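Given next are the chains, with one letter for each unit.
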Amino acid sequence: MREVRVESVEGLEMLGGALRLSANAGDLEVVFPREIWERILASASEPTQPTEEELAELESLRNALAGYAREHSFNTVLEGVQCGGSELEYDLVLRPGGLFAATTGYHFAPVVAPDLMARVGTSLEDDDFVEQAYVIGAVADAGSLAAGDDALRTLSMRGRWCSTSRFEMAPELWRTLHEKLGWKDVKTVTTEKR
């Protein structure tokens, strides 16, 4: 048996039947077949509860994002908007000015789990107002980060993981993370549906 110590994780990529983990500055790639990855997720405990610092950073992001939208005269800045026809609420709904601007709903939660992603995803399908959504948590598990699609994304404050790269992220979200919270980058979990 050979032991390899993982010093850093560069990315996770879901490829229909497998999950590829890139580590140690790209020197190591581990591919888990779907059955093994699902067994790992099933045996993993619930996400660890967030720390006070992570919760404070989550609240800071929420406030800074709303402030950014107001400072830049977004066409829409709403708080507490119902997610489609569900009982869930978006903490913020933002729409910048411009011809091709999208209306984005932001739902903040201490812990993001796959069931929350599924509920927001279902609500988004029935929503005529919000075009894309981000579920942002102090903590998000791997299943949540791998869930979603082009219209539904996940961001975890812990580990700075996101289901989209900073280049594809809603511009106001990345600018707030970078300019207000000092993030240099996000670790991207990519999914490819097959």
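Residues numbered from 1 in each chain as written. Predicted model: local features only at pLDDT ≥ 70, side-chain atom pairs only at ≥ 80, totals over all residues. Heavy atoms only, no water.

**Describing the overall build of the protein chain**
Here is step 1 of the chain: Helix and strand counts for the protein chain come out as 5 helices and 10 strands.
Here is step 2 of the chain: In summary, the protein chain has a C-alpha radius of gyration of 17 Å against a globular reference of 16 Å for 194 residues, a match within 12%.
Here is step 3 of the chain: Overall, the protein chain is about 60 × 35 × 35 Å in size when its C-alpha atoms are taken along their principal axes.
Here is step 4 of the chain: Burial status across the protein chain gives 46% buried among its 194 residues.
Here is step 5 of the chain: Summarising the internal contacts of the protein chain: among those between residues at least 6 apart in sequence, 53% fall at separations of at least 24.
Here is step 6 of the chain: For the protein chain, the exposed surface amounts to about 10,500 Å²; the carbon and sulfur share of it is 49%.
Here is step 7 of the chain: Looking at charge distribution, the protein chain has the averaged site of its 19 positive side-chain charges lying 5 Å from that of its 33 negative ones. (Helix = DSSP H or I, 4+ residues; strand = E, 2+ residues; numbered from the N terminus. Rg over C-alpha atoms; globule rule 2.2 N^0.38 Å. Buried < 20%, exposed > 50% of the residue type's maximum accessible area, 1.4 Å probe, protein only. Contact = heavy atoms within 4.5 Å. Areas by Shrake-Rupley, 256 points an atom, 1.4 Å probe, with all protein chains shown as cover. Lys, Arg positive; Asp, Glu negative; His and termini not counted. Charge placed at Lys NZ, Arg CZ, Asp CG, Glu CD.)

**Section: a negative patch on the surface**
Here is step 1 of the chain: A surface patch of negative charge is lined by Glu-125, Asp-126, Asp-128 and Asp-149.
Here is step 2 of the chain: Tracing the backbone through its elements, the reader meets Glu-125 in helix H3 (residues 114–125). (Patch = residues over 30% accessible without salt bridge, like charges linked within 9 Å, V, L, I, M, F, W, Y side chains within 5 Å. Salt bridge = Lys/Arg side-chain N within 4 Å of Asp/Glu carboxyl O.)

**Some details on the environment of Thr-51**
Here is step 1 of the chain: You can see Thr-51 is positioned in the loop between helix H1 (34–43) and helix H2 (52–71).
Here is step 2 of the chain: Spatially, the C-alpha atoms of Thr-51 and Ile-36 are 30 Å apart, while their sequence positions differ by 15 residues.

**A short note on the packing of aromatic side chains**
Here is step 1 of the chain: All told, the structure shown has 2 aromatic pairs when counted by the stated rule.
Here is step 2 of the chain: Ring geometry for Tyr-68 against Phe-74: centres 6.1 Å apart, planes inclined by 80°, an arrangement best described as edge-to-face.
Here is step 3 of the chain: For Tyr-68, a relative accessible area of 5% gives the class buried.
Here is step 4 of the chain: Ring geometry for Tyr-106 versus Tyr-134: centroids 5.6 Å apart, planes at 15°, classification stacked. Here the residue Tyr-106 occupies a position in strand S6 (residues 104–112), and Tyr-134 occupies one in strand S7 (residues 132–140), the gap between them amounting to 28 residues. The residues Tyr-106 and Tyr-134 share a single accessibility class, namely buried. (Phe/Tyr/Trp six-rings, centres within 6.5 Å; stacked < 30°, edge-to-face > 60°.)

**Notes on the environment of Glu-59**
Here is step 1 of the chain: Inspection of the secondary structure assignment puts Glu-59 in helix H2.
Here is step 2 of the chain: Residue Glu-59 is classed as partly exposed on the basis of its relative accessible area of 39%.
Here is step 3 of the chain: C-alpha separation for the pair Glu-59 and Gly-137, spaced 78 residues apart in sequence, amounts to 9.9 Å.

**Description of H3**
Here is step 1 of the chain: For H3, with 12 residues, the first-to-last C-alpha span of 17 Å sits near the 16 Å given by 1.5 Å per residue.
Here is step 2 of the chain: Taken together, the buried positions of H3 are occupied by Leu-116, Met-117, Val-120, Gly-121, Ser-123 and Leu-124. The buried residues of H3 occupy an angular sector of 165° when the element is viewed end-on, so they sit on one face. (Expected span 1.5 Å × (residues − 1). Arc of directions from axis to C-beta.)

**Describing the pattern of salt bridges**
Here is step 1 of the chain: Inspection of the entire model under this criterion finds 10 salt bridges.
Here is step 2 of the chain: The residue Glu-131 makes a salt bridge to Arg-95 at a minimum N-O spacing of 2.9 Å. Taken as a pair, Glu-131 in the loop between H3 and S7 and Arg-95 in strand S5 (residues 89–95) lie far apart in primary sequence, 36 residues in all.
Here is step 3 of the chain: For Glu-131, a relative accessible area of 45% gives the class partly exposed.
Here is step 4 of the chain: With a shortest N-O distance of 3.4 Å, Arg-153 and Asp-150 are connected by a salt bridge.
Here is step 5 of the chain: A relative accessible area of 66% means that Asp-150 is categorised as exposed.
Here is step 6 of the chain: The network of salt bridges with common partners includes Glu-13, Arg-20 and Glu-29.

**Some remarks on the side chain of Thr-76**
Here is step 1 of the chain: Along the chain, the position of Thr-76 falls in strand S4 (residues 76–82).
Here is step 2 of the chain: For Thr-76, a relative accessible area of 15% gives the class buried.
Here is step 3 of the chain: Once you skip the residues sitting within four places of it in the chain, Thr-76 turns out to touch Val-93, Leu-94, Arg-95 and Phe-129.

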